[in-house]
Amino acid sequence: MKVVARWRTAAAGACGWLAGISLTAMMLVTVADVVLRAALNKPIRGTLEIVELLLTCTFFLALPASFLREEHIVVDVVDGFAARWVPLLRRIAGVLAVLVMAAMAWQGGIAARDTLMFHDVTSDLALPRIWYWVPVLAGMIGAGIAAAAMLFLGKSGK
């Protein structure tokens, strides 16, 4: 099962790198905008739209990695008094995660289709709004696949 562990590590790493690059770009654009605004009174046009798009990329591209690395926030209330229920509860949570990600991707796909059909663009830079939906859908579909994989692989990935 070392192949599976390598696959998990590689996929989580790729998602993490893409999210990290998006976060870094978002910070650099923000800093450049603030510096140019303060020093030269020349802000970067469309900074808000660029930062929105990069924030979308940061969050949704990191989502599959959080499933593959099992790095979700966990409140372990049940662990202390009913430890034997934990494996069952983890399976239920995995099934719910797959279902929720599938429903969100389905509804996001409908909204993305409408955005594409109506040629929606942003107000300042006239960026096609579909660009916002690409990382959202990729992240939700990737997270659903990752949740399903983790459901079958278990905690150790075996």
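Residues numbered from 1 in each chain as written. Predicted model: local features only at pLDDT ≥ 70, side-chain atom pairs only at ≥ 80, totals over all residues. Heavy atoms only, no water.

Draft legend 1. How the structure looks around the overall build of the protein chain. A tally of helices and strands in the protein chain yields four helices and zero strands. Going residue by residue from the N terminus, the α and β elements of the protein chain occur as α-α-α-α. Restricting the contact set of the protein chain to residue pairs at least 6 apart, pairs at least 24 apart contribute 76%. Total accessible area on the protein chain stands at roughly 10300 Å², and carbon and sulfur atoms take up 73% of it. Once the 14 positive and 10 negative side-chain charges of the protein chain are each reduced to a mean point, those two points are 11 Å apart. (Helix = DSSP H or I, 4+ residues; strand = E, 2+ residues; numbered from the N terminus. Contact = heavy atoms within 4.5 Å. Areas by Shrake-Rupley, 256 points an atom, 1.4 Å probe, with all protein chains shown as cover. Lys, Arg positive; Asp, Glu negative; His and termini not counted. Charge placed at Lys NZ, Arg CZ, Asp CG, Glu CD.)

Draft legend 2. Highlighting the side chain of threonine 58. Along the chain, threonine 58 turns up in helix H2 (residues 47-68). Relative accessible area serves as the criterion here: at 14%, threonine 58 is assigned to the buried category. When neighbours within four sequence positions are excluded, threonine 58 is seen to be in contact with Ala19, Ser22, Leu23 and Met26. (Buried < 20%, exposed > 50% of the residue type's maximum accessible area, 1.4 Å probe, protein only.)

Draft legend 3. Layout of a nonpolar patch on the surface. A grouping of Trp85, Leu88, Leu89, Ile92, Val95, Leu96 and Leu99 is seen on the molecular surface, where their side chains present a nonpolar patch of about 670 Å² in accessible area. Along the chain, the position of tryptophan 85 falls in the loop between H2 and helix H3 (86-117). (Patch = residues over 30% accessible without salt bridge, like charges linked within 9 Å, V, L, I, M, F, W, Y side chains within 5 Å. Salt bridge = Lys/Arg side-chain N within 4 Å of Asp/Glu carboxyl O.)

Draft legend 4. Main features of unusual backbone geometry. Its identity as a non-glycine residue notwithstanding, histidine 119 has a phi of 55°, on the positive side. Here histidine 119 shows up in the loop between H3 and helix H4 (130-153). Residue alanine 126 is not a glycine yet carries a positive backbone phi of 55°. As for its placement among the helices and strands, alanine 126 is situated in the loop between H3 and H4. Under the relative-accessibility criterion, alanine 126 is labelled partly exposed at 45%.

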